[in-house]
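Letter by letter, the chains look like this.
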Amino acid sequence: MEVLNNLYNGFQVALTFKNVYLCFIGCLWGTIVGVLPGIGPLAGIALLIPATFGMDVTGAIIMLAGIYYGAMYGGSTTSILMNIPGESASVVTCIDGFQMTRKGRGGAALFIAAWGSWIGGTLGIVGLMLLAPTLANFAMKFGPPEMFAVLLVAFVLLGSLGKGSFFKTLPMILLGLLVGTVGMDPLTGAMRFTHGIRELFDGIGFIPVAMGAFGIGEILVSTEESLVREVFKVRFRELLPTREELRASWGPIFRGTGIGFIVGLLPGSAHVLASFLSYTMEKRLAKKPEEFGSGRIEGVAGPETANNAASESAMIPFLALGIPTGPAPAVMMIALLIHGVRPGPLFITEQPQIFWGLIASMYIGNVILVILNLPLVGLFVNLLRVPFRILFPIILLICLVGTYSVNASTFELSILLGFGVFGYVFRKLEFDIAPFILAMIIGPTLEMAFRQSLMRSAGSFSIFWESPITMTLIVLSGALVLWNIYRAIRPKAAWEKALEEGE
Amino acid sequence: MRYPFKLAVVVGMLFWMVSGVSLAADYPTKPITLINPMPPGGTLDLQARSWASIAEKHLGQPVVVVNKPGATGMVGAVAGAQAAPDGYTLTVASVNFTNAVEWEIANGRKPPFTYDDFVYLGSFTMSPTLVIVPFDSPFKTLQEFMAAAKAKPGQLSYCSGGLYGMSHLPIEIFAKATGLKFRHVPYSGGGPCLSAVVGKHVDSAFQYPPTTIPLAQGNKLRILAVAGARRLKSLPGIPCFKELGIDAEYYGWVGIAAPKNTPKNIVEKLREVTKKVAEDKTFIEAIEKPGDEVYYLHGDDVLKHIQKEAKVIAEIDRELAKTATK
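The text that follows walks through the structure, step by step, so that each part is easy to find.

1. Focus on the overall build of chain A
Then step 1. Looking only at helices and strands, chain A features 22 helices and 2 strands.
Then step 2. Based on the C-alpha atoms only, the size of chain A along its principal axes is roughly 65 × 60 × 55 Å.
Then step 3. Considering only residue pairs separated by 6 or more positions, chain A has 78% of its internal contacts joining residues 24 or more positions apart.
Then step 4. Just so you have it, chain A exposes about 19900 Å², and 70% of that area is on carbon and sulfur atoms.

Given below as structure tokens:
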């Protein structure tokens, strides 16, 4: 019962008026940076670090953590309503979320996203609280070969993303890989496709590409349709999910929590991977996978839960060992260092009031966020009533300001606009944008993990079957490929034929 | 009037120069921008922000930090070098300047800026790296580690937070000074590299004190030596390279620079402020709490230090560039 005792002490720290207030500010700011495309949790935290200089450590970390997990709540809003990913973890939410908005179910999608986020977030904290040291040691065992195996599975699953046929998805994956290759090769320093342009040395940023291809592309397509776009009228009753939608969401929410929590332990862009894996898993488990991409609630519930669970477990290596495995925990760690607290393996035992205060505040924060976000659903959906000729320039402006605010780079603005045209053209040609974006994120990490493994083993491929995790996952990805081939060539059952003819 | 626009520009410039001179007397009269060529949230960023918040008090004007990351700091450095030399745009200078410039030269490219594009106002840290191995590694001392590396050249591996960066070059300098050979596995960032050492995916690394010391205290890794000429206050029991007879030095230093041609009196004023900040109690606390040490260098000495380290880095980079293109 030590845990309960510790948690009780934690709540005593977290429930002081000041700490609840700071938690609220963090969650509010997190929701805002999550909603605004461009500014993500990373910039959101970094911007507020100087504001914490006068605070005590516990209050500071409570507020900064609030920004971090709060951003995962806000990220879904623009994805669902406007087809612009609010931050990187919400790319897959665009696929079905935006289609739900077109059908007038945007409110329900937002509601489920908030609800799933709350469950994923809260269960994630339970895991963090009970298992932090064990899981942190497990995460350290995860070296380049294991990482490569996980990404390989993800990569095989990429092919089944999107509503189009495999042959419409493949070119987008290849294009994504190509764009992801640009920049300095992190392992040899060779320049790839940079053409001497210094802004390209670090590669093409994810934010301008995603906002351009999704956001600007969407705007261009919409203006072409008509400036007086039909307004998605929503009555209050329709904001709430129907009974069927709620029932359909339970499975994805719990599976999303599991996937998100495990994937969150991995280094790097774990949120993106978590939401993407959850989406493809739901699509595989669905009775009618072909309906994905036309507005299934499962495609919102799963990923939006997974990224919240991932954001909790991504804090485990940082809190239990003092090793930040992702960019946002790294910034939080530096905030702690500035306050003279050095997170490390002894952090939890030496600074229990900070650790347990933070844990308790995260429970409170998740409740604050769900209370904050549910009424906002009505407000956000009302934004869609704004005439499109007014909404359109505002979205454009937000995309431009959001991109510029991250690196103060005009070059990224041209990337944004360039990929806006790209998104428009490929949407007209009926290609999906999501596989392109995800390939661009997964490709370079996959390559890096593969080559790091070989560098470690001095070129011997045996490194890939030395660990049981690696071997299992590589076999799994092989099986997935074979299964896909089998499904494509097997004789179709009578009912499937009937279904196809019926369409 | 054939060139009305050009004439207007010239006249405007004249006025601007005159006004610049008059402004220099009672500098500063408006907020100062401090360009940080590194992304927000890193150690360097926070040290720069601490500097800015203390310098404000001495300057009587706000100092606003603007992050302009890209191309390992070159984008921001170029912006800083090309800014108007009026003392209202300063740049965070660091060892990354030298890393980037020498790497460009080693690869046969013209560096986008040179060390002489700046006048240095002073630096305030000079951190050595620590030689670390996993906690249950067989190596208890640096000598044992070196003996093993000598017995199996190119077999022991190390990780870095990025190619040609602040945690890659110190090992290469060490390897060159001792004639040893190691296998390099680059990671993207200091955190992932530390986790590779703790998880025993590599045999060693050279990393900076703030993140490393707590892990050693928690028995997750072992510190063998300080890769520099002096011991650290926070690690009195760990020997430094100089004592062990190894001549390999590389420091992560951070300082402030202004564009060249900045008026003399402004440079003097800023140098004075930089020194005052380095002696400020709050500033020292902000640097030392995370485990770093304040180490002040006068502006002229910063340039001397850069020239010294540039020679060492240039030699290393030339060899690395050769093997990379092979």
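2. Focus: the state of the cysteines
All names here are of chain B.
Then step 1. Going through the model one piece at a time under the given rule, you end up with 1 disulfide over all chains.
Then step 2. For C159, the disulfide goes to C193, at an S-S distance of 2.2 Å. Between C159 and C193, the disulfide has an S-S torsion of 80 degrees and is therefore right-handed. Of this pair, C159 sits in strand 5 (residues 157-160) while C193 sits in helix 7 (residues 190-198), placing them 34 residues apart in sequence.

3. Some remarks on the environment of L396 of chain A
Residue and element names in this part refer to chain A.
Then step 1. Turning to its location among the elements, L396 is positioned in helix 18 (residues 388-407).
Then step 2. The class for L396 is partly exposed, based on a relative accessible area of 27%.
Then step 3. Remark: the alpha-carbon pair of L396 and L417, spanning 21 residues in sequence, is separated by 10.0 Å.
Then step 4. Leaving out residues up to four positions away in the same chain, L396 has contacts with I216 and I219.

4. Looking at the packing of helix 2 (residues 17-35) of chain A against helix 4 (residues 57-82) of chain A
All names here are of chain A.
Then step 1. Packing of helix 2 against helix 4 leaves a shortest axis separation of 5 Å and a crossing angle of 35 degrees. Pair helix 2 / helix 4 crosses with right-handed handedness. Counted together, N19, L22, C23, I25, G26, C27, W29, G30, T31, V33, G34 and V35 of helix 2 and G59, I62, M63, G66, I67, Y69, G70, A71, G74, G75, T77 and T78 of helix 4 form the full contact between these two elements.
Then step 2. Partitioned by chemical class, the residues of the contact of helix 2 with helix 4 number 12 nonpolar, 12 polar and no charged.

5. Concerning the side chain of S137 of chain B
Then step 1. Looking at the secondary structure, you find S137 of chain B in the loop between strand 4 (118-134) and helix 5 (142-151).
Then step 2. Within the structure, the side chain of S137 of chain B is placed 3.1 Å from the backbone nitrogen of F139 of chain B, a separation counted as a polar contact.

6. What to know about the environment of G87 of chain B
Residue and element names in this part refer to chain B.
Then step 1. Along the polypeptide, G87 turns up in the loop between helix 3 (74-81) and strand 3 (89-94).
Then step 2. Residue classification places G87 among the buried residues on the basis of a relative accessible area of 0%.
Then step 3. Measuring from C-alpha to C-alpha, the distance between G87 and N261 comes to 9.8 Å, with 174 residues separating the pair along the chain.
Then step 4. In this structure, G87 is in contact with Y27, I32, T262 and I266, ignoring residues within four places of it in sequence.

7. Looking at the packing of aromatic side chains
Then step 1. Under the defined criterion, the tally for this structure stands at 33 aromatic pairs over all chains.
Then step 2. A ring pair is formed by F138 of chain A and F142 of chain A, whose centres lie 5.8 Å apart and whose planes are at 65 degrees; its orientation type is edge-to-face.
Then step 3. Judged by its relative accessible area of 33%, F138 of chain A falls in the partly exposed class.
Then step 4. Looking at F142 of chain A, the relative accessible area reads 11%, which means it is buried.
Then step 5. Pairing F124 of chain B with F283 of chain B gives two aromatic rings, centres 5.2 Å apart and planes at 90 degrees, and the pair type is edge-to-face. Here F124 of chain B, found in strand 4, pairs with F283 of chain B, found in helix 10 (residues 281-288); they are 159 residues apart in sequence, far enough to count as distant.

8. Considerations on unusual backbone geometry
Residues and elements named next belong to chain B.
Then step 1. Across the junction of Y27 and P28, the peptide omega takes the value -10 degrees, indicating a cis bond.
Then step 2. Among the structural elements, P28 can be located in the loop between helix 1 (4-25) and strand 1 (32-36).
Then step 3. Within the chain, N219 stands out as a residue other than glycine whose phi angle is a positive 60 degrees.
Then step 4. Take N219: it is sitting in the loop between helix 8 (209-217) and strand 8 (221-227).
Then step 5. For N219, a relative accessible area of 47% translates into the label partly exposed.

9. Details of a nonpolar patch on the surface
Residue and element names in this part refer to chain A.
Then step 1. Taken together, the side chains of F24, L28, I32, L36, I390, I394 and I398 make up a nonpolar region of the molecular surface, amounting to roughly 500 Å² of accessible area.
Then step 2. Of all the secondary structure elements, the ones that give two or more residues to the nonpolar patch are helix 2 and helix 18.
Then step 3. Position of I390 relative to the elements: it lies in helix 18.

10. Side note on helix 12 (residues 270-285) of chain A
Then step 1. For helix 12 of chain A, spanning 16 residues, the distance from its first C-alpha to its last is 22 Å, which sits close to the expected 22 Å at 1.5 Å a residue.
Then step 2. Within helix 12 of chain A, 13 of the 16 residues are buried, which leaves it mostly tucked inside the rest of the structure.

11. Structural notes on the interface of chain B and chain A
Accessible area lost when the parts come together is the quantity often used to give the size of an interface.
Then step 1. Facing 45 residues of chain B, the contacting portion of chain A comprises 42 residues.
Then step 2. Where chain B abuts chain A, roughly 3700 Å² becomes buried across the two surfaces, and 65% of that area is made up of carbon and sulfur atoms.
Then step 3. For the chain B face of the interface with chain A, the top three residues by lost area are L46, H201 and K289 of chain B, together amounting to 15%.
Then step 4. The interface formed by chain B and chain A contains 0 salt bridges.
Then step 5. At the boundary of chain B and chain A, one finds 8 residue pairs in polar contact (both at pLDDT 80 or more).
Then step 6. Those elements that place two or more of their residues in the side of chain B that touches chain A are helix 2 (43-59), helix 4 (95-106), strand 6 (183-186), helix 7 and helix 8 of chain B.
Then step 7. No other element matches the 6 residues that helix 8 of chain B contributes to the side of chain B that touches chain A.

12. A look at the pairing of strand 9 (residues 251-259) of chain B
Regular strands place their side chains on alternate faces of the sheet.
Residue and element names in this part refer to chain B.
Then step 1. With 9 of its 9 residues buried, strand 9 lies for the most part within the structure.
Then step 2. Here 4 bridges tie strand 3 to strand 9, and the two strands are oriented antiparallel to one another. What sits directly across from T91, in strand 9, is A257.
Then step 3. As paired strands, strand 4 and strand 9 are joined by 9 bridges and run antiparallel to one another. By the bridge assignment, M126 is partnered in strand 9 with W253.

13. Let's talk about the environment of F166 of chain A
Residues and elements named next belong to chain A.
Then step 1. Note on placement: F166 falls in helix 8 (residues 166-181).
Then step 2. Overall, the relative accessible area of 43% leaves F166 in the partly exposed class.
Then step 3. As a C-alpha pair, F166 and I80 span 86 residues in sequence and 25 Å in three-dimensional space.

What counts, and where the lines are drawn
- Residues numbered from 1 in each chain as written.
- Chains lettered and ligands numbered in written order.
- Predicted model: local features only at pLDDT ≥ 70, side-chain atom pairs only at ≥ 80, totals over all residues.
- Heavy atoms only, no water.
- Helix = DSSP H or I, 4+ residues; strand = E, 2+ residues; numbered from the N terminus.
- Contact = heavy atoms within 4.5 Å.
- Areas by Shrake-Rupley, 256 points an atom, 1.4 Å probe, with all protein chains shown as cover.
- Disulfide = S-S within 2.5 Å.
- Buried < 20%, exposed > 50% of the residue type's maximum accessible area, 1.4 Å probe, protein only.
- Axes fitted to C-alpha atoms, helices over the stretch in contact; angles between N-to-C directions.
- Left-handed = near helix turned anticlockwise from the far one by under 90°.
- Nonpolar A, V, L, I, M, F, W, Y, C, P; charged D, E, K, R; others polar.
- Polar contact = N/O pair within 3.5 Å; in protein donor to acceptor, adjacent residues only side chain to side chain.
- Phe/Tyr/Trp six-rings, centres within 6.5 Å; stacked < 30°, edge-to-face > 60°.
- Patch = residues over 30% accessible without salt bridge, like charges linked within 9 Å, V, L, I, M, F, W, Y side chains within 5 Å.
- Salt bridge = Lys/Arg side-chain N within 4 Å of Asp/Glu carboxyl O.
- Expected span 1.5 Å × (residues − 1).
- Buried area = accessible area lost by both parts, 1.4 Å probe.
- Pairing = 2+ DSSP bridges.

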